Amino acid sequence: EGSAPIDEVPASWALAPSPKLVLIVIDAPWRRAQALRRHPRLAPLRSVRLRRPPESRFWRYHAEGAGCVSTIEALAEAAREAEEVALVP
């Protein structure tokens, strides 16, 4: 089933508009996060992705490629994108 950009979540998943957006964030290195995502309690949850991931300014080297950002960078961008589409007040 893949992920969807935040602004497409209500329409693509047939969800009624909600007064709250709840994100569950896995804070782990990329490969570990992918393994944790398959945990039986997390696997049923749907995933979102950033429409426009920023260029990472994280000081540590990583080789995961373009669009890969630190957890805090991802949270900041997710909040910005959610505000743009009025998913958060």
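This section reports on the structure supplied with the text. (Residues numbered from 1 in each chain as written. Predicted model: local features only at pLDDT ≥ 70, side-chain atom pairs only at ≥ 80, totals over all residues. Heavy atoms only, no water.)

### Side note on the overall build of the protein chain
Link 1 in the chain: Along its length, the protein chain carries three helices and two strands.
Link 2 in the chain: Reading the protein chain from its N end, one meets helices and strands in the order β-α-α-β-α.
Link 3 in the chain: Out of the 89 residues belonging to the protein chain, those deemed buried represent 17%.
Link 4 in the chain: Counted over contacts in the protein chain with a minimum sequence separation of 6, partners at least 24 positions apart contribute 60%.
Link 5 in the chain: Counting only carbon and sulfur atoms, one obtains 57% of the accessible surface of the protein chain, whose full area is about 7,000 Å². (Helix = DSSP H or I, 4+ residues; strand = E, 2+ residues; numbered from the N terminus. Buried < 20%, exposed > 50% of the residue type's maximum accessible area, 1.4 Å probe, protein only. Contact = heavy atoms within 4.5 Å. Areas by Shrake-Rupley, 256 points an atom, 1.4 Å probe, with all protein chains shown as cover.)

### Examining the pattern of salt bridges
Link 1 in the chain: The tally for this structure, following the rule as stated, stands at three salt bridges.
Link 2 in the chain: A salt bridge links glutamate 77 to arginine 80; the nearest nitrogen and oxygen atoms lie 2.4 Å apart. Taken together, the residues glutamate 77 and arginine 80, both in helix H3 (residues 71-84) and three residues apart, mark about one turn of the helix.
Link 3 in the chain: Arginine 80 is paired through a salt bridge with glutamate 84; the nearest N and O atoms lie 2.2 Å apart. Taken as a pair, arginine 80 and glutamate 84 lie in helix H3 at a separation of four residues, close to a single helical turn.
Link 4 in the chain: Assessed through its relative accessible area of 31%, arginine 80 is described here as partly exposed. (Salt bridge = Lys/Arg side-chain N within 4 Å of Asp/Glu carboxyl O.)

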